[in-house]
Amino acid sequence: MNKDKFFVKKLVLCAIMMALATVLSIFPTISAPYGGSITVGSMFPIMLMSILLGPKWGIPVALGYSIIQLALGFSSVASWGLSIGVFIGCLFLDYVLAFSVLCTANIFGTKTMPKMACGIAFAGLLRYLSHFLSGWLFFGEWAEEGFNAFTWAVVYNGAYMIPDTVICIVIACALYRMFPSFRKQLGIQ
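Residues numbered from 1 in each chain as written. Predicted model: local features only at pLDDT ≥ 70, side-chain atom pairs only at ≥ 80, totals over all residues. Heavy atoms only, no water.

Here we look at the overall build of the protein chain
We apply this condition: Helix numbering and strand numbering both begin at the N terminus, where a helix is a DSSP run of H or I of at least 4 residues and a strand a DSSP run of E of at least 2. Buried residues are those whose accessible area, probed at 1.4 Å on protein chains only, stays under 20% of the maximum for their type, while exposed residues exceed 50% and partly exposed ones sit between those limits. Should any heavy atoms of two residues lie within 4.5 Å, those residues are considered in contact.
In terms of regular secondary structure, the protein chain is built from seven helices and two strands. In sequence order, the secondary structure elements of the protein chain are arranged as α-β-β-α-α-α-α-α-α. Its C-alpha atoms give the protein chain principal-axis dimensions of about 60 × 30 × 25 Å. Per-residue burial over the protein chain gives 44% buried out of 189 residues. Summarising the internal contacts of the protein chain: among those between residues at least 6 apart in sequence, 72% fall at separations of at least 24.

Quick word on the packing of helix H2 (residues 44-53) against helix H3 (residues 55-78)
So the rule is basically this: Lines fitted to the C-alpha atoms define the axes, with helices restricted to the stretch that makes contact. Angles between their N-to-C directions range from 0 to 180 degrees. Roughly parallel means an angle under 35 degrees; roughly antiparallel means over 145; roughly perpendicular covers 65 to 115; every other angle is labelled oblique. Put simply, a crossing is left-handed when the front helix is turned counterclockwise from the back one by less than a right angle, and right-handed when it is turned clockwise. For this classification, Asp, Glu, Lys and Arg are treated as charged, while Ala, Val, Leu, Ile, Met, Phe, Trp, Tyr, Cys and Pro are nonpolar and the rest, including Gly, are polar.
Axis separation between H2 and H3 bottoms out at 7 Å; the angle between their running directions is 165 degrees. Judged by the inter-axis angle, H2 sits roughly antiparallel to H3. At the point where H2 passes H3, the crossing takes the right-handed sense. Mapping the contact onto sequence places Ile46, Met49, Ser50 and Leu53 in H2 and Pro55, Trp57, Gly58, Val61, Ala62 and Tyr65 in H3. In terms of residue class, the contact of H2 with H3 is built from eight nonpolar, two polar and no charged.

Some remarks on the packing of helix H4 (residues 84-100) against helix H5 (residues 113-138)
The contact between H4 and H5 brings their axes to 8 Å, and the two run at 170 degrees. Considered as vectors, H4 and H5 are oriented roughly antiparallel to each other. Between H4 and H5, the contacting residues are Val86, Gly89, Cys90, Leu93, Asp94, Leu97, Ala98 and Phe99 on the first element and Arg127, Ser130, His131, Leu133, Ser134, Leu137 and Phe138 on the second.

Points about the layout of surface pockets
So the rule is basically this: A cavity, in this analysis, means grid points on a 1 Å lattice covering only the protein atoms where a 1.4 Å probe fits yet has no way out; a pocket is instead an open set bounded by protein on both sides within 12 Å along at least five of seven lines, and a residue lines either one if it has an atom within 4 Å of a point. Grid points are joined across faces, edges and corners, and a volume is the space filled by probe spheres set on the points.
In this structure, the largest pocket spans a volume of roughly 740 Å³. If you trace the largest pocket, you find 36 residues lining it, with Tyr34, Gly35, Gly36, Ser37 and Tyr95 closest to the centre. Those elements that provide at least two residues to the lining of the largest pocket are helix H1 (2-26), H3, H4, H5 and helix H6 (149-175). When grouped by side-chain class, the residues that make up the lining of the largest pocket number 19 nonpolar, 14 polar and three charged.

Some points on the environment of Pro55
Within the secondary structure layout, Pro55 lies in helix H3. With relative accessibility at 48%, the residue Pro55 sits in the partly exposed group. A C-alpha to C-alpha distance of 30 Å links Pro55 and Thr29, two positions 26 residues apart in sequence. Setting aside its immediate chain neighbours within four residues, Pro55 contacts Pro60 and Asn106.

As for the side chain of Ser130
Cut-off, in case you're wondering: A 3.5 Å cut-off defines polar contacts: any pair of N or O atoms within that distance qualifies, except that in protein one atom must be a possible hydrogen donor and the other a possible acceptor, and neighbouring residues in sequence count only when both atoms are side-chain atoms.
Checked against the element boundaries, Ser130 lands in helix H5. Overall, Ser130 belongs to the buried group, its relative accessible area being 2%. At 2.4 Å, the side chain of Ser130 forms a polar contact with the backbone oxygen of Leu93. Ser130 has contacts with Leu93, Asp94, Leu97 and Ala98, leaving out every residue within four places of it along the chain.

Concerning the nonpolar core
Soluble, globular proteins show a tendency: their nonpolar side chains are buried together. Selection rule: Side-chain atoms within 4.5 Å link the members of a nonpolar core, which is a set of buried Ala, Val, Leu, Ile, Met, Phe, Trp, Tyr and Cys residues.
Within the largest apolar cluster, 45 residues are counted, with the highest numbers of intra-cluster contacts made by Ile46, Met47, Met49, Leu53, Ile120 and Phe179. Counting residues per element, the ones that place at least two in this core are H1, H2, H3, H4, H5 and H6. For this core, the leading source of residues is H2, giving eight residues. Beyond its immediate chain neighbours, meaning those up to four positions away, Ile46 contacts Met17, Met18, Ala21, Val61, Ala62, Tyr65 and Leu102.

Points about the state of the cysteines
How we decide: The disulfide criterion is simple: two cysteine sulfur atoms within 2.5 Å.
Under the counting rule described, the total for this entry stands at zero disulfides. Residue Cys103 stays outside any disulfide, its sulfur separated by 12 Å from that of Cys14, the closest cysteine. Classification of Cys103 by relative accessible area gives buried; the value is 14%. Counting only cysteine sulfurs, Cys173 is the nearest neighbor of Cys168, a cysteine outside any disulfide, at a range of 11 Å.

In structure tokens:
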């Protein structure tokens, strides 16, 4: 019975964190003109599930969140008049892959704050690379004057991904001392 109780707690917590991440993503602090935004840590609830619960829970939560983000961004991307190949590539790189990689936040472990911060930075870097590839491969023609497709993708995506990742690291470091209590309540040793 105790095992079922912890399973339900984890399931409910994952659903709440996906909802929180979605709400935080809907109300950005700064929005980029062609997509992307700086939020108040919208990636962190998804990363937190990976940090606290490991890949068994982190992977499906991140994938589920990527589907939510895809659903929220689909009409916007559809309105850009992209060819079918670019449209599908954009949906995969900017939504499915970009948000699914958040599950890697626990890759370096979570026993120390620096390892956890490196894991969050790694997950943020993977998301950045996914957006960068999309920008470089599909949106080079939208580059500002003085930029080529590569440099524009580097600068444009870095302008929102770096601050958003730093915000997640700051939040995680502020909450780090509470993680053992979280784990205990979830039945994780």
